[in-house]
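Descriptive structure summary
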Amino acid sequence: MTDPTVAEAWVAGPLRRLMEDARLIAGVLLYPTGRAVGQFGFSNAADVMSICALTSAINASARELGRQLDGKPFYEMHHAGAERQVFMARASAGAQEFLFVGVFDRESSLGVVEIYFGEFQKALEKLLPEKQPAVPGPSGDFEGELNRSLDALFGPIGKR
Amino acid sequence: MKAVSQVVATLSRVPGVIAAMVVGASDGLIVETSAMLGGADGAGDIRKHTAALGAYLYSKATRASHAARLGNPAFMRLEAEHGHICVVGARDVVLVTIVTPDANLGRVRLDMMTAAKGEA
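Residues numbered from 1 in each chain as written. Chains lettered and ligands numbered in written order. Predicted model: local features only at pLDDT ≥ 70, side-chain atom pairs only at ≥ 80, totals over all residues.

Things to note about the environment of A:Glu143
Mapped onto the elements, A:Glu143 comes out in helix α4 (residues 142-154). By C-beta crowding, A:Glu143 is classed as exposed, having 10 other C-beta atoms within 10 Å. (Helix = DSSP H or I, 4+ residues; strand = E, 2+ residues; numbered from the N terminus. Buried ≥ 20, exposed ≤ 12 C-beta atoms within 10 Å, placed from the backbone.)

What follows is the structure, given as structure tokens:
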């Protein structure tokens, strides 16, 4: 297992603990806008870029679907593949919302991931810095925002 | 095959059983659960966590048992300071009980294994 790489240092501890306790193979923490905050298990910025874009889009669709079907947005989603499974959920710390997507296999289980995700969420609440880094809202420059966050995780293009 | 609710009801009536659950073996999620005897605060979380980690532990114990060429584990009991967690596998589910320290473990074991045979 590799240590998480993060754009905001305060999420490194909770991410590492979630990765180890829930025995996740890979995971990405991001803002709902698609900007990556931290990741583990990926060595390629393009993979994280795709995951951020897809997770952000899936969250937006699922949120709206939940609202229409159940009157409130869905909180988490789970996809069980033949070998690997994907867990996707929203986490909030203060007023700030995050999305998390994690990948696991038979070494873990959905129940175990849910437990440690709950602890991860509590850790985010506890460790949220009083003065948060400015998180720009969606500016319309989705690709630019995504690239800037990937630079923070993997280094600028050309040095990756 | 007995209905899972009937299995849970039967196990929860065994003296010393604080909570009885039928849990998905692969996902660790609760299929059916009894109320928590004594109605402790956060009983939902206690059962949810015990179910997920109990099923996880049982899957690891199964691997250890296979590695030692002993076949499937018949019964797993974790003895802790304030009681026991008992787990028995029944194909796609595991039966998990939280038991008081002074419970008749022989009775708990027998009833869980009988219930598991009905489930399999």
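Remarks on the sheet that holds strand β1 (residues 5-6) of chain A
Residue and element names in this part refer to chain A. The strand order β1-β3-β2-β6-β5-β4 describes an open sheet built from 6 strands, whose pairing is antiparallel. This sheet does not close on itself; its edge strands, each paired only once, are β1 and β4 (76-80). Relative to strand β3 (residues 36-40), β1 is paired through 2 bridges, and the arrangement is antiparallel. Across the sheet, the residue bridging to Val 6 is Gly 38, located in β3. (Pairing = 2+ DSSP bridges.)

As for helix α2 (residues 45-70) of chain A
At 3.6 residues per turn, the α-helix brings residues three or four places apart onto the same side. All names here are of chain A. For α2, with 26 residues, the first-to-last C-alpha span of 36 Å sits near the 38 Å given by 1.5 Å per residue. Those residues of α2 that fall on the buried side of the exposure criterion are Ala 45, Val 48, Ile 51, Cys 52, Thr 55, Ser 56 and Asn 59. Where α2 terminates, the next one or two residues include Gly 71, which has phi positive at roughly 80 degrees. (Expected span 1.5 Å × (residues − 1).)

Topic: unusual backbone geometry
Backbone geometry places A:Arg23, a non-glycine residue, at a positive phi of 55 degrees. With respect to the helices and strands, A:Arg23 occurs in the loop between α1 (12-21) and β2 (26-30). Under the C-beta neighbour-count criterion, A:Arg23 is labelled partly exposed, with 18 such atoms within 10 Å. At B:Arg91, a residue that is not glycine, the phi angle is positive and equals roughly 60 degrees. Relative to the elements of secondary structure, B:Arg91 occurs in the loop between β4 (83-90) and β5 (93-99).

A word on the packing of helix α3 (residues 110-127) of chain A against helix α2 (residues 43-67) of chain B
Pairs of packed helices are described in terms of their axes, by the angle between the two and the distance that separates them. One can describe the packing of α3(A) onto α2(B) by two numbers: an axis separation of 8 Å at closest approach and a directional angle of 130 degrees. Between α3(A) and α2(B), the crossing angle belongs to the class labelled oblique. Remark: the crossing between α3(A) and α2(B) carries left-handed chirality. Along its contact with α3(A), which presents A:Gly111, A:Val112, A:Glu114 and A:Ile115, the element α2(B) presents B:His49, B:Ala51, B:Ala52, B:Leu53, B:Ala55 and B:Tyr56. Taken together, the residues of the contact of α3(A) with α2(B) sort by class into 7 nonpolar, 2 polar and 1 charged. (Axes fitted to C-alpha atoms, helices over the stretch in contact; angles between N-to-C directions. Parallel < 35°, antiparallel > 145°, perpendicular 65-115°, else oblique. Left-handed = near helix turned anticlockwise from the far one by under 90°. Contact = placed C-beta atoms within 7 Å. Nonpolar A, V, L, I, M, F, W, Y, C, P; charged D, E, K, R; others polar.)

A few points about the packing of α1(A) against α3(A)
All names here are of chain A. For the pair α1 and α3, interaxial distance at closest approach is 9 Å and the crossing angle is 170 degrees. As far as their axial angle goes, α3 and α1 are roughly antiparallel. Within the contact between the two elements, α1 uses Pro 14, Arg 17, Leu 18 and Asp 21 and α3 uses Tyr 116, Phe 117, Phe 120, Ala 123, Leu 124 and Leu 127. Considered class by class, the residues forming the contact of α1 with α3 number 8 nonpolar, no polar and 2 charged.

Concerning the nonpolar core
Counting 69 residues, the largest nonpolar core has B:Met21, B:Val23, B:Val94 and B:Leu95 as the members making the most contacts within it. The contacts of B:Met21, once residues within four sequence positions are left out, are B:Val8, B:Ile30, B:Glu32, B:Thr33, B:Arg47, B:Ala51 and B:Val96. (Core = buried A, V, L, I, M, F, W, Y, C linked by C-beta atoms within 7 Å.)

A short note on the sheet that holds β4(B)
Residues and elements named next belong to chain B. Within the open sheet, the 5 strands sit side by side as β2-β1-β5-β4-β3. Their pairing is antiparallel. Since the sheet does not close on itself, it has two edges, and those belong to β2 (30-33) and β3 (76-80), each with one partner. Mean inter-strand twist for the sheet, computed between neighbouring axes without regard to direction, equals 20 degrees. For β4 and β5, the ladder comprises 7 bridges, and the chain directions are antiparallel. In the strand pairing of β5, Val 88 is matched with Leu 95. In this fold helix α1 (residues 4-12) packs onto β1 (17-24), β2 and β5, with an angle of close to 155 degrees to the strand it touches most, β1.

Some words on the confidence of the model for chain A
In this model, chain A carries a mean pLDDT of 88, and residues with pLDDT of at least 70 account for 89%. Here α4(A) stands out as the element of chain A with the lowest mean pLDDT, 73, in contrast to β2(A), whose mean of 97 is the highest. (pLDDT = per-residue confidence, 0-100.)

Side note on the confidence of the model for chain B
Averaged over every residue, the pLDDT of chain B is 92; the share at 70 or more is 95%. Predicted as a complex, the structure gets a pTM of 0.83 and an ipTM equal to 0.82.

As for the environment of A:Met77
Residues and elements named next belong to chain A. Tracing the backbone through its elements, the reader meets Met 77 in strand β4. Classification of Met 77 by C-beta neighbours within 10 Å gives partly exposed; the count is 16. As for Met 77 and Asn 59, which are separated by 18 residues in sequence, their C-alpha atoms are 9.2 Å apart. Contact partners of Met 77, with chain neighbours within four places excluded, come to Ala 62 and Met 88.

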